[in-house]
Amino acid sequence: MIKILCAAALLSICSLAPANSQTSPATSPATSPATSPANSDWSSDRSQGERLDLKNDFGGAVSLYERALKKLPANASSDKVDLQCLIAVDCLRLRKDDKAEAAINAMLVNYKKLQAANALTPDTEMSVHTFIEEIDGYSGREVPVEQVHKRNLLALRVASEIIPSLFNFQRLSRVTRGYLGRGKPALALEYVQVYVAHMPRTDKRYGDLLLNEAALRCLLGDATSLDAIAKEMRKTKSASVVAARISESQTWATDYDGAQKTLDRCQKELKDKKSLTEADQVRLDLARVGNYLDRGQWAKCETLAKHCLTLHLDTETRRAFLNDLAFCFSSQGRNKEAKVFERQANQYNFLVDDEREVAAELARKHAKKH
C-alpha cells in the first residue's frame, strides 16, 4: 500500500500559499514497491509529481497525479484516495478551489466505499487526517481570509462526513478565533453555524457551542439569541452563574467590553437587591480575571486574582485563580513567579479529585433514599 502524503503533501501548511512562494521540503514516507508493470507505470507518474511538488511546480504535479489516477484499476480505492488528496492539496495551492472540491468529492466516494467494505487501512486513514490538517485552520497572511474560509469549510465537511474524531471543539475554537484575530467575526459566525449543523445534539459541548454562537451574533449587533439563552438559564441557575457563563462566551467571542458589561450589570442588580453574596462576587471576579487574561491586561488580572485568593474559597476555585496567575506571569516572561503559582495550583489537584469523589458518593446515597 502506498502511503498518501508524499513530501510535498506533508510540507508545512504555509505551503498552501501561491505557487511562487518558498517552501521547505519534508521527508517523504516510504512507499511500497511496485508489483506489476502497470503499478510501476502509475507510481512512476506519482513519484515524478512528488518531485515537481518539491520544486513548487504544483500545476505540473497535478497533471502527473491525474495521469496516474487514470492508470489505476477500478478497484484501487485506497490509491485513488491518496492521489485525490494530493490533487486537492495542490489545487488549493494554485487557488483552484472548484477543482480541489471536485477531487475532494471523488475522494469521499472512494473513502466511503472502503469504509463500507471494512477495508480501510491505517495508511489511508492517515492520508485523510493529514490532508485535513493541511487545509484546516490555515491563517497565513499571504492568503486572503475569504479563501482560507473556503478551505476550512471543506476540511470541516470532510471531517464531519468520514472522520468524526477530527470534529471537535478544540478545532472549532482554533479556527474561529483565528478569524476573530483577523477582524472577521462574520466568517467566524458562519463557520460556527456550519459546525453546529453537523454537530450531534448529544455532544456534551453542544450547549456551550450554541452559547458561543449567540455571543458572536451579539458581537455583530444581534443580542436576541444571547438574551433568550440567558433568560432560559435563569430559570434553573443563579444570576451570578448565568452572568459569569454569558461573560465567558463573550470573552471567547472577543467581545471583551460586552463581557465586562454583563458582569457589571449583574453585580449592580444584586447589590441593589442587597443580595450580593461573597460567592456571587468571587464567581463574577473569576470571569473578570479570564477576560483580563484573554485581552492581555496583566496588571488588572494580577491585582484581582491575588485579592480573591485572600478570601475563603473552595478548593477548585482557589486552584482556578492560581492557574490564572501562573498563566498571567508566564505570558509576561516572568517564569520564576509563574512556577510558584503552578506549584501551588498542583498542590490542590488531589484535593479537587477527593472533593469530587465525596460529592459523587453523597449524590449516590441521596439517589438511593429517593
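Report on the accompanying structure.

The rules we used
- Residues numbered from 1 in each chain as written.
- Predicted model: local features only at pLDDT ≥ 70, side-chain atom pairs only at ≥ 80, totals over all residues.
- Heavy atoms only, no water.
- Helix = DSSP H or I, 4+ residues; strand = E, 2+ residues; numbered from the N terminus.
- Buried < 20%, exposed > 50% of the residue type's maximum accessible area, 1.4 Å probe, protein only.
- Contact = heavy atoms within 4.5 Å.
- Areas by Shrake-Rupley, 256 points an atom, 1.4 Å probe, with all protein chains shown as cover.
- Phe/Tyr/Trp six-rings, centres within 6.5 Å; stacked < 30°, edge-to-face > 60°.
- Expected span 1.5 Å × (residues − 1).
- Axes fitted to C-alpha atoms, helices over the stretch in contact; angles between N-to-C directions.
- Parallel < 35°, antiparallel > 145°, perpendicular 65-115°, else oblique.
- Left-handed = near helix turned anticlockwise from the far one by under 90°.
- Nonpolar A, V, L, I, M, F, W, Y, C, P; charged D, E, K, R; others polar.
- Core = buried A, V, L, I, M, F, W, Y, C linked by side-chain atoms within 4.5 Å.
- Salt bridge = Lys/Arg side-chain N within 4 Å of Asp/Glu carboxyl O.

1. A short note on the overall build of the protein
- Secondary structure assignment for the protein yields 17 helices and zero strands.
- Going through the 370 residues of the protein one by one, you find that 44% of them count as buried.
- Once local pairs closer than 6 in sequence are excluded, the contacts in the protein between residues at least 24 apart make up 64%.
- Carbon and sulfur atoms form 52% of the exposed surface of the protein, whose accessible area is close to 18700 Å².

2. Quick look at the environment of Val-282
- Tracing the backbone shows Val-282 in helix α13 (residues 278-294).
- The residues contacting Val-282, other than those within four sequence positions of it, are Leu-311, Leu-313, Thr-317 and Phe-321.

3. Comments concerning the packing of aromatic side chains
- In this structure the tally under the stated criterion is two aromatic pairs.
- For the ring pair Tyr-179 and Tyr-191, a centre distance of 6.2 Å and an interplane angle of 70° mean the geometry is edge-to-face. A residue pair is termed long-range when its members are at least 10 positions apart, and Tyr-179 in helix α7 (residues 169-181) and Tyr-191 in helix α8 (residues 185-198) qualify at twelve residues.
- On the basis of relative accessibility, which here comes to 2%, the residue Tyr-179 falls in the buried class.
- Between Phe-329 and Phe-341, the aromatic rings sit 5.5 Å apart at their centres with planes inclined by 15°, giving stacked as the arrangement. Highlighted residues: Phe-329 in helix α15 (residues 315-331) and Phe-341 in helix α16 (residues 335-347), separated in sequence by twelve residues.

4. Details of helix α12 (residues 256-272)
- A rise of 1.5 Å per residue sets the reference length of α12, with its 17 residues, at 24 Å; its end C-alpha atoms lie 24 Å apart and thus fit the reference within 8%.
- Every buried residue of α12 is listed here: Tyr-256, Gly-258, Ala-259, Gln-260, Thr-262, Leu-263, Cys-266, Gln-267 and Leu-270.
- The first or second residue beyond α12 is Lys-274, which carries a positive phi of 55°.

5. Some remarks on the packing of helix α3 (residues 77-93) against helix α4 (residues 97-116)
- It is the contact of α3 with α4, at a shortest axis distance of 8 Å, that shows an interaxial angle of 160°. Here α3 is positioned roughly antiparallel relative to α4, judged by the angle of their axes. In this structure, the crossing between α3 and α4 has a hand that is left-handed. Counted together, Ser-77, Ser-78, Lys-80, Val-81, Gln-84, Cys-85, Ile-87, Ala-88, Cys-91 and Leu-92 of α3 and Asp-97, Lys-99, Ala-100, Ala-103, Ile-104, Ala-106, Met-107, Asn-110, Tyr-111, Lys-113 and Leu-114 of α4 form the full contact between these two elements.
- Considered class by class, the residues forming the contact of α3 with α4 number 13 nonpolar, four polar and four charged.

6. Some thoughts on the nonpolar core
- Judged by nonpolar contacts, the single largest core of 34 residues is most densely connected at Ile-104, Met-107, Val-128, Phe-131, Ile-132, Val-158 and Ile-162.
- Among the secondary structure elements, those contributing two or more residues to this core are α2 (58-71), α3, α4, α5 (122-135) and α6 (145-162).
- Considering each element in turn, this core owes the most residues, nine residues, to α3.
- Those residues in contact with Ile-132 that lie beyond four places of it in its chain are Ala-155, Val-158, Ala-159, Ile-163, Leu-166 and Arg-171.
- Core analysis: the next-biggest nonpolar cluster, separate from the first, contains 22 residues, Phe-167, Val-175, Val-196 and Ala-215 among them.

7. Let's talk about the pattern of salt bridges
- The full count for this structure, using the stated rule, is 25 salt bridges.
- Residue Lys-268 pairs with Asp-272 through a salt bridge whose shortest N-O separation is 3.0 Å. You can see Lys-268 and its partner Asp-272 sitting in helix α12, four residues apart, about one turn around the helix. Neither Lys-268 nor Asp-272 differs from the other in exposure class; each is exposed.
- Salt-bridge contacts for Glu-302 lead to Lys-306; the nearest nitrogen and oxygen are separated by 2.9 Å. Remark: Lys-306 and Glu-302 occur in helix α14 (residues 298-308); sequence separation between them is four residues, near one turn of the helix.
- The exposure class of Glu-302 is buried, given its relative accessible area of 17%.
- Linked by salt bridges that have partners in common, Asp-41, Asp-45, Arg-67 and Lys-71 make up one network.

8. A look at the side chain of Asn-291
- Residue position: Asn-291 is located in helix α13.
- Relative accessible area serves as the criterion here: at 0%, Asn-291 is assigned to the buried category.
- Setting aside chain neighbours within four positions, we find Asn-291 in contact with Thr-251, Tyr-256, Ala-259 and Gln-260.

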